[in-house]
Amino acid sequence: MLETLRETFRARYGRDPELVARAPGRVNLIGEHTDYNEGLVLPCAIDRATFVAAAGRSDGRVRVVSEGYADAAEFTAAAPVRRGDWVDYVAGPFFAFAERGLAAPGLDLAIASDVPRGAGLSSSAALAVAVACALREGSGQALSARDLAELAHRAETGFVGVPCGVMDQMASALGEPDAALRIDCRTLATETVPIAGGDAALLVVHSGVHRRLAAGGYAQRVAECRAALAQARAAGVAPRARALRDLSPADLPALERALEPVPFRRARHVITENARVDRFAGALRAGDLPAAGALLREAMASLRDDYAVSTRELDALCAAGDGTPGCYGSRLTGAGWGGCTLHLVRSDAAERVAESVGAAFERAFGRRPEAWRVRPSSGVRILPGGPEDVRRRSTPL
Ligand code: ADP
Ligand code: MG
């Protein structure tokens, strides 16, 4: 892919790129709908990435092409204008630079990616983080990986207009090989959680259902969590809580008495899910994959029954996974209402589980779901400019 990208760049712009930035997609292992409750999440960067080849221009203009998109685009680095299409994910980091008072240079850009788009593996964060990284190199600014995550996040919320949390960009910027990243969404403190036990493999299966209902349902869940918190405070269960993250499973009996049934179930998901993140991290560190798998199954039950964000397709994928030998546990990953499931499997069983989940889904829904085995991988990187460097560094990443 890298060689093709370089050739595209040469054919398009008549010169070599000066550098290639690479930023991965991500999958969230556990900690779903906890981010906007100021809680914990545990994503990892994956071995599918977006590559942005770049070379500086002296006129402050940006030109960009992306594999798979016929249209080339052009905008002004210092003042990009929103278009309502894919180019916004490229222009967004330029907007975020300008907003922070950083000078954004003109660049020629060419993009290639093997992160599936719109599948829940965060191709959008991979793209925005890679562009932010190319921009950092082009501008000579001293920015950390964490800064790149924040700039890319700002690109999505402030320019593209997606009200997402910062998890995707943090995972894409800060991921490490064979590890997950624990993020405290209140403080944005991060901690690397090594995945012990060389035996674990991650399988992601796409239900093929695009999250049409997600926008309305998501806003409703955010409101229900706010209502639960307000009722809990008013009833004196948690008078000083700032967010549901400040409650613990020990508060559940009192909450059940104080809250209406629906806000109670939403709160119970958030509170138990938050606790599951650290239990899951502990199981990973100990290499206890059966315990980790059991927590995924618990998380799935909670997302389905208490948070009500699953679908028949996601239920079926998880049930098929959990019924296959070699699968430790399954859950929907991402906000729900469609998107993907995640299966923690024994590595020698990965193909068997994928086959069995695919066949069960096909029997029920008449089509084969797409499935990917993903490996926890490193976050954003610059591959140096020369063709030799790029070739040498491209394989082990
Ligand atoms: P996800 O992040 O789950 O893949 P999103 O809907 O958030 O899904 O982002 C997908 C969008 O991001 C695409 O529709 C496109 O606009 C943009 N995008 C992602 N990757 C690329 C790419 N390689 N080239 C151009 N645009 C891309
Ligand atoms: Mg996205």
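Since the model is a prediction, treat every value here as computed from it, not as a measurement.

**Observations concerning the layout of surface pockets**
Which parts of space are left empty comes out when a probe the size of a water molecule is rolled across the atoms.
Then step 1. Put simply, the second largest pocket is a space of about 230 Å³.
Then step 2. D178, I195, A200, A201 and P376 are, among the 15 residues lining the second largest pocket, the residues nearest its centre.
Then step 3. If you list the elements that add at least two residues to the lining of the second largest pocket, you get β8 (200–206), α8 (261–286) and β11 (370–374).
Then step 4. In terms of residue count, the dominant contributor to the lining of the second largest pocket is β8 (3 residues).
Then step 5. Of the residues belonging to the lining of the second largest pocket, the class tally is 10 nonpolar, 2 polar and 3 charged.
Then step 6. Taken domain by domain, the makeup of the lining of the second largest pocket includes at least three residues from each of domain 1 (2–194 + 376–396) and domain 2 (200–374).

**Remarks on the pattern of salt bridges**
Then step 1. Tallied over the full model, the rule gives 34 salt bridges.
Then step 2. Here R375 and D47 are joined by a salt bridge, their closest N and O atoms 3.8 Å apart. Taken as a pair, R375 in the loop between β11 and β12 (381–383) and D47 in strand β2 (residues 40–57) lie far apart in primary sequence, 328 residues in all.
Then step 3. Since its relative accessible area comes to 41%, R375 is described here as partly exposed.

**Here's the deal with the pairing of strand β7 (residues 190–194)**
Then step 1. Here 5 bridges tie strand β6 (residues 179–184) to β7, and the two strands are oriented antiparallel to one another. Each residue of the ladder has a partner; that of R182, found in β7, is E191.
Then step 2. Counted between consecutive antiparallel strands, the loop separating β6 from β7 contains 5 residues, among which L188 sits at a positive phi close to 65 degrees.

**So, the domain arrangement of the protein**
Then step 1. Here the domain parsing of the protein yields domain 1 (2–194 + 376–396) and domain 2 (200–374).
Then step 2. If you average the C-alpha positions of domain 1 and of domain 2, the two centres end up 27 Å apart.
Then step 3. On the side of domain 2, 43 residues touch domain 1, which itself brings 34 residues to the contact.
Then step 4. Across the domain 1 to domain 2 interface the summed buried area is about 3,000 Å²; carbon plus sulfur atoms make up 59%.
Then step 5. Our count for the contact surface shared by domain 1 and domain 2 stands at 6 salt bridges.
Then step 6. For D246, the salt bridge identified is with R186, shortest N-O distance 2.8 Å.
Then step 7. Taken together, the links from domain 1 to domain 2 amount to 19 residue pairs in polar contact (both at pLDDT 80 or more).
Then step 8. Of all elements in the fold, only β1 (19–30), β2, β6 and β7 reach the threshold of two or more residues within the side of domain 1 that touches domain 2.
Then step 9. A total of 7 residues in the side of domain 1 that touches domain 2 trace back to one element, the largest contributor, which is β2.
Then step 10. In terms of residue class, the side of domain 1 that touches domain 2 is built from 16 nonpolar, 9 polar and 9 charged.

**Quick look at the sheet that holds β8**
Within a sheet, each strand pairs with its neighbour through backbone hydrogen bonds, oriented either parallel or antiparallel.
Then step 1. Taken in spatial order, the 4 strands make up an open sheet running β9-β10-β8-β11, and their pairing is antiparallel. Of all strands in the sheet, those with a lone pairing partner are β9 (327–333) and β11, marking the two edges. Averaged over all pairs of adjacent strands, the angle between their axes in this sheet comes to 20 degrees, without regard to strand direction.
Then step 2. Two strands pair when backbone bridges link them, and β8 and β11 are joined in this way by 5 bridges, in the antiparallel orientation. Bridge assignment links V205 to a residue of β11, and that residue is A371.
Then step 3. Sitting on the sheet, helix α9 (residues 289–306) is in contact with β8, β9 and β10 (340–346), with an inclination near 35 degrees to β9.

**Overview of the nonpolar core**
Then step 1. Judged by nonpolar contacts, the single largest core of 48 residues is most densely connected at V52, V64, F75, V90, F94 and L109.
Then step 2. In terms of residue count, helix α3 (residues 123–139) provides more of this core than any other element does, 9 residues in total.
Then step 3. Core analysis: the second largest hydrophobic core is formed by 32 residues, L121, V204, A283 and Y328 among them.

**Examining the site of ligand 1**
Then step 1. As a structural note, the neighbourhood of ligand 1 is formed by 17 residues, with S66, G118, G120, S123 and S124 the closest of them.
Then step 2. The contact in question runs from a nitrogen atom of ligand 1 to an N or O atom on the side chain of R117, over 3.3 Å.
Then step 3. G118 places a polar main-chain atom, nitrogen or oxygen, 2.8 Å from an oxygen atom of ligand 1.
Then step 4. For ligand 1, whose accessible area on its own is 560 Å², the fraction buried by protein is 81%.
Then step 5. Of all elements in the fold, only β5 (106–113) and α3 reach the threshold of two or more residues within the shell around ligand 1.

**Topic: the confidence of the model for the protein**
Then step 1. Mean pLDDT over the protein: 94, with 95% of residues reaching 70 or higher.
Then step 2. Below pLDDT 50 for its whole length, residues 386–397 participates in 15 contacts with residues either more than four positions away or in separate chains.

How each quantity is defined
- Residues numbered from 1 in each chain as written.
- Chains lettered and ligands numbered in written order.
- Predicted model: local features only at pLDDT ≥ 70, side-chain atom pairs only at ≥ 80, totals over all residues.
- Heavy atoms only, no water.
- 1 Å grid on protein atoms, 1.4 Å probe; cavity = no way out; pocket = protein on both sides within 12 Å on 5 of 7 lines; lining within 4 Å.
- Points joined across faces, edges and corners; volume = space filled by probe spheres on them.
- Helix = DSSP H or I, 4+ residues; strand = E, 2+ residues; numbered from the N terminus.
- Nonpolar A, V, L, I, M, F, W, Y, C, P; charged D, E, K, R; others polar.
- Domains from an automatic or database assignment.
- Salt bridge = Lys/Arg side-chain N within 4 Å of Asp/Glu carboxyl O.
- Buried < 20%, exposed > 50% of the residue type's maximum accessible area, 1.4 Å probe, protein only.
- Pairing = 2+ DSSP bridges.
- Contact = heavy atoms within 4.5 Å.
- Buried area = accessible area lost by both parts, 1.4 Å probe.
- Polar contact = N/O pair within 3.5 Å; in protein donor to acceptor, adjacent residues only side chain to side chain.
- Axes fitted to C-alpha atoms, helices over the stretch in contact; angles between N-to-C directions.
- Core = buried A, V, L, I, M, F, W, Y, C linked by side-chain atoms within 4.5 Å.
- Near = heavy atom within 4 Å.
- Areas by Shrake-Rupley, 256 points an atom, 1.4 Å probe, with all protein chains shown as cover.
- pLDDT = per-residue confidence, 0-100.

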